[in-house]
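Results of the structural survey
One letter stands for each residue in the lines below.
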Amino acid sequence: MQNSKAKMDEFKSKVMDLLHKQTNRQMKIPAMGFSDYFIQTVTTDASPNDEVDATDEASAGASNAQRSDQEILESIEECYYSPDSNPQLYELKKVLSDGIDNELIEVTIAQLRTQQKVLTKQVLQNILEQRNACSSEFSAINDTQKKLEESLWTCQKARSYLNFARTNLTTTSLEILASYRKREVLKEVLDTLMAIKKLRTTDVELQKLLADHNYSAAIALLLQCKSSAEGYMQYNCVQSLYKKLQETMLLMEFQLDTVLNEMVLNFDTRKYAKLQEAYKLANKSLMAMDQLHINYISAIHSSVNAVLRGYSDPSHDDQIKPLYEQLCEQLNSEKLIPCLISLCKTFWTILASYYQVVMWHNNYKLYGHEEADSPDIYIQQKLKKGQSRLWNDILTKVCLFLQSAKLTALKYDQFIQVMSIVQRLKKVGVEFCGEQSEKLIDIMQQQSEEFFRRYHICCVEEICLFLDNESWTQVDSFSHILQLPEFRSVRHTLRRHKSPTTALLASSNNSPISNNNCDELVSVHSQDGGSSIYGSYGYFLRFSEKSSPFDGGLDAAMLEEDILSGIVDEASCYFSEESDDEQKSLQSKEFDDASHHLLVNNTALNVLRCLGRYLQMCKLLHCISPKIVSCMLELIDFYTFAVHEIFGKDALVPTDNMYTPRLERRLRSVEANVLPQIKLWPLNFSSLANNELANPDTLYGLPQRIVAVESGRSMFQQFHILQHYLNHLLPIADRPLLVGYLEYSEYMLDLAKPVYTCVTSRVIDLSAILAQMAKVKWDVNHVIHQHSSYSDVLNRNIQSFAMCLEETAKEVAVPSKHVWNSMAHVATHLLVEGFSNVKKCSAGGRALMQLDFANFMSFLELISNQKYPQHRSYVDVFIKTYYFSPEQFELWIEQQRQEDDYSAKQLTNLIQCICASDKRTRQRLLQLLDGAAMANGGTPTTTPQKNRSSSGSNLSSVI
């Protein structure tokens, strides 16, 4: 009490001192509002913000300069005087009722500030007016204080007596107990009210948790509220609240299912973790997993239809909802690839989301124990089965799309792109669930076979167009197959096998390439379905559901990507391509042997380009690689057949014995298998045949023939470069076909024989020389030391031919070895034919034959700078048969039955000449010769392919 009194006295003295100081100094309390005194005095210590406010107030004051303080006070609205009102909300609604108006806001702020200042000023003035009353009131307070002190003393005294009485009365204790009991009852009631209040505020907190995607906390809160409400079910309000909580729980589960459905196309790890925690609290984790799989399956079916409708013809009736197959059939070919890409992107989004779900459950265990009946085990099994089911549903949709769409109507690049997309999708399936997608590959195999069958015919007809417009001139600046853009994707593959390539290009024999480096590559047909080789692609690690392997660069990049089934990037020899400068530098360094230009024409170059496109198809779908490689060989054979048809059938002598069995089979195969499929054959080469091929000034089209044959040789050489890669693409069982084809390295050289013979057979005047040989007397009795005149004529023909070759060499590189070999062939067979026509011949005549032949061969070898042991032996053996004993001659005739070096007519004449005096031996040998001819299926003069030569003259036995 004394302390309180002291504090009151101190406070009183301070107030009185303040009033006395103000009175003595005669200082006035500054007025409030927009007076000059307030602006000059009160605002001197104001902050920068206050200065801004003062400026605003000044501007507002200027606008209200004409208004008095009383008017401003009267303008204050009634709501500011009401204690229950909310003036802030009132002003905001009034200002923002018609939208945000900055000018109105500033005017309102200025007005409110003016009202505040005037009101403050008025209050202060009222305080000053009541100053005297305050002083008198303080005096009254002092009097009252004295009285209070007296009353306090009286009360203290009374309380001491009452305290004494309370401690001595038992009723005091009873009252305390009653008060305590009342307090406990009130406390219990208060707790009940607080619990009910908390239950009623659950909805607000629940919505806040849902907005934060904190589903587990929301479920926990709902379960806690339901548990709490069960203890207060005696209250009607709690019963209704409990029903509301149950409804909220149902709505919560529905919302959880909605968010769970969003995970299908937009997986969020944070949301999914909260979802699973919420389902766990609700004891519905297994049901949620079943619902999740249903959502994924539904998303596949709904999304594919939505994608196809987006690419369908807008003119179709919207009320008619066609089936998925019908939508695929109605799709235009130009929209097929964009639609397929969109479908694959959609499928990827679903698969990537599911993959992330699987990864989440592999990393996080909801229940944390490994019992056999653990829900985590069920979830893992469910997810594993769901992967296969999900992929099979996607596979079914894609297969229907590929079957129903018109893939065969696509162009080559478009079809290659479709195959690339399908291969990427297949790899996604392998990485996703280990499925090899055999059904997808079977369908693509069917589509590819149908497309490739049509495309192969188109390529052959394209080659026919090139042949029809071919000028048979050399194409400049071609040195290697890698210059062609069609082979860009295998450039690095061929560089890795540089040794076989270099050896091939350096060798003119085209020996078969060994397969020593194939061990570096992985087998195409690995049966390890669960192999991790696809893991190196890492589609699910490199991409997410928002990006996919089917995004961007599909038109160009997918045509260059090595997506060979079952081979990783390193094994498939695919690398990123360098710039053009880098390509040129690498090509010049790594293929030095190919630096010289190869002789090719436009048609051969187009065949190589076709081979490059075929190689891309073979690489993309190895299922039909044997068929593709077989068609590659058909293209080469077709070019060979065309060259033979144009340049190899106008010889003046039969050329049947020039065809090796292998060459014969290939020409026959083209004639039987390729020609019936094309509509452009036979082509009209009459202009070429009547001009260049019939012009002796150009050696009967020898430059064109050389370009045609050498282009085929160059093409065959370049095709050898692909042997390793083609072996890599082919199944092991089909590789012997390619090896056997390439082992025939003399393919184009064998074709060159009849082609060049068409020239050499015209250079020599065969009829004139045969006529001169017939005039020579071969039955002379003495040895003549001067060769016959026909030998000089033959030598002059050879010399003239050599001069023409020199002129031809200025236009095109002449393969001298093969051209002169053809000349030697024609000349030696001509000599044998002339020698076989001799009816009577003596030893001197045989010596003259040897002299004539030796003179010719020496001249031929001198002017051609070559040796011809085979042709020399051919004539020598025929001449020396005159010196054989009867037994040796008969053995030799029997040997000729198998070798067939000489014609039946030549052997018959030889027998009649040698055995002219021995009729019995002559008859026996002729019967032996006729029997051999009959055993071969014809007359002695019958040879296979009798219609191949166009010559019908009496020179049919020259060759």
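Refer to the structure printed above.
The present account deals with the structure reproduced in this document. (Residues numbered from 1 in each chain as written. Predicted model: local features only at pLDDT ≥ 70, side-chain atom pairs only at ≥ 80, totals over all residues. Heavy atoms only, no water.)

**Some thoughts on the nonpolar core**
The line we're drawing: The term nonpolar core refers to a set of buried residues drawn from Ala, Val, Leu, Ile, Met, Phe, Trp, Tyr and Cys, joined through side-chain atoms within 4.5 Å. Only protein chains enter the accessibility calculation, which uses a 1.4 Å probe. A residue is then buried if its area is under 20% of the maximum for its type, exposed if over 50%, and partly exposed in between. A run of DSSP states H or I qualifies as a helix once it reaches four residues; a run of E qualifies as a strand once it reaches two. Both are numbered from the N-terminal end. We call two residues in contact whenever any of their non-hydrogen atoms come within 4.5 Å of each other.
Counting 219 residues, the largest nonpolar core has F401, L402, V418, F638, F719, I764 and F835 as the members making the most contacts within it. Examining the composition of this core, we find that 17 residues originate from one element, helix α15 (residues 336-363), more than from any other. Setting aside chain neighbours within four positions, we find F835 in contact with M773, W778, Y790, M849, V875, F878 and I879.

**As for the pattern of salt bridges**
Formally: Salt bridges, as used here, are contacts in which a Lys or Arg side-chain nitrogen is within 4 Å of a carboxyl oxygen on Asp or Glu.
All told, the structure shown has 20 salt bridges when counted by the stated rule. With its nearest N and O atoms 3.0 Å apart, the salt bridge here joins E450 to R453. Pair noted here: E450 and R453 are both in helix α18 (residues 438-468), with a separation of three residues, about one helical turn. A salt bridge links E861 to R872, with the shortest nitrogen-to-oxygen separation between them at 3.0 Å. Linking E861 in helix α35 (residues 843-864) with R872 in helix α36 (residues 869-880), this pair joins segments that are eleven residues apart in sequence. Residue classification places E861 among the buried residues on the basis of a relative accessible area of 12%.

**Let's talk about unusual backbone geometry**
Unlike most non-glycine residues, Y700 shows phi in positive territory, near 55°. Residue placement: Y700 occurs in the loop between α27 (686-690) and α28 (702-721). The phi torsion at N865 lies on the positive side, around 60°, for a residue other than glycine. Along the chain, the position of N865 falls in the loop between α35 and α36.

**Here we look at a nonpolar patch on the surface**
Applied cut-off: To count toward a patch, a residue needs a relative accessible area over 30% and no salt bridge; like charges are then connected within 9 Å, while nonpolar side chains (Val, Leu, Ile, Met, Phe, Trp, Tyr) are connected within 5 Å. Surface accessibility in these figures is a Shrake-Rupley result with a 1.4 Å probe; residues are shielded only by whichever protein chains are displayed.
A cluster of nonpolar side chains, contributed by Y80, Y81 and Y90, occupies part of the molecular surface with about 300 Å² of accessible area. As for its position among the elements, Y81 is in the loop between α4 (69-75) and α5 (87-96).

**Focus: the packing of helix α12 (residues 269-281) against α15**
Which entries qualify depends on this criterion: Each axis is a line fitted through C-alpha atoms, and for a helix only the stretch in contact is used; angles between axes span 0 to 180 degrees, taken between their N-to-C directions. Relative orientations are named as follows: roughly parallel for angles under 35 degrees, roughly antiparallel for angles over 145 degrees, roughly perpendicular for angles from 65 to 115 degrees, and oblique for any other angle. Definitions for this section: a left-handed crossing has its near helix turned counterclockwise from the far helix by less than a right angle. A right-handed crossing has that turn clockwise. Under the convention adopted here, Pro, Cys and the residues Ala, Val, Leu, Ile, Met, Phe, Trp and Tyr are nonpolar, Asp, Glu, Lys and Arg are charged, and Gly plus all remaining residues are polar.
Remark: α12 packs on α15, axes separated minimally by 11 Å, with the N-to-C direction vectors making an angle of 60°. One element, α12, and the other, α15, form an angle in the oblique class. Read as a crossing pair, α12 and α15 show a hand that is right-handed. For the pair α12 and α15, contact is made by T269, Y272, A273 and Q276 and by V357, W360 and H361, respectively. Classifying every residue of the contact of α12 with α15 gives four nonpolar, three polar and no charged.

**Looking at the side chain of Q447**
This is how it is decided: By the criterion applied in these results, polar contacts are pairs of N or O atoms within 3.5 Å in which, for protein atoms, one can donate a hydrogen and the other can accept it, and in which residues neighboring in sequence qualify only through two side-chain atoms.
Along the chain, Q447 falls in helix α18. Accessibility expressed as a relative area gives 14% for Q447, which makes it buried. For Q447, the side chain forms a polar contact with the main-chain oxygen of L402, separated by 3.2 Å. Not counting chain neighbours up to four residues away, the residues in contact with Q447 comprise L402, Q403, L407, T408 and F415.

**Observations regarding helix α25 (residues 625-647)**
Because each turn of an α-helix spans 3.6 residues, side chains separated by three or four positions end up pointing in the same direction. The test is simple: Each residue after the first adds 1.5 Å to the expected span of a helix.
Here α25 is 23 residues long and its end C-alpha atoms lie 33 Å apart, about the 33 Å a rise of 1.5 Å per residue gives. Most of α25 sits inside the fold, with 18 of its 23 residues counted as buried.

**Side note on the packing of α25 against helix α30 (residues 735-743)**
Relative to each other, α25 and α30 sit at 20°, their axes nearing to 10 Å. What the angle tells us is that α25 and α30 run roughly parallel. Here α25 runs over α30; the crossing is left-handed. On α30, the residues that touch V629, L633, I636 and D637 of α25 are L737, L738 and Y741. In terms of residue class, the contact of α25 with α30 is built from six nonpolar, no polar and one charged.

**Focus on the packing of aromatic side chains**
Rules: Stacked, edge-to-face and tilted are the three classes for Phe, Tyr and Trp ring pairs, Trp counted by its six-membered ring, which pair at centre distances within 6.5 Å; planes under 30 degrees apart are stacked, over 60 edge-to-face, the rest tilted. For a ring to carry a charge above it, either NZ of a lysine or CZ of an arginine must fall within 6 Å of the ring centroid while also lying within 35 degrees of the normal to the ring plane.
If you walk through the whole model with that rule in mind, you get 21 aromatic pairs. When the ring of F415 is compared with that of F451, the centres are 3.9 Å apart and the planes differ by 10°; the resulting orientation is stacked. With F415 in helix α17 (residues 412-433) and F451 in helix α18, this pair connects stretches of sequence that are 36 residues apart. Here the two residues F415 and F451 agree in accessibility, since each one is buried. Following the ring pairs from residue to residue traces out a cluster consisting of F415, F451, F452, Y455 and Y614. The ring of Y741 carries the charged tip of R666 above its face, separated from the ring centre by 3.7 Å.

**A closer look at the side chain of Q115**
Examined against the element boundaries, Q115 turns out to sit in helix α6 (residues 102-129). A residue is classified by how much of its surface remains accessible, and Q115, at 8% relative accessible area, is buried. In this view, Q115 contacts I72, S75 and I76; residues no more than four positions away in its chain are not counted.

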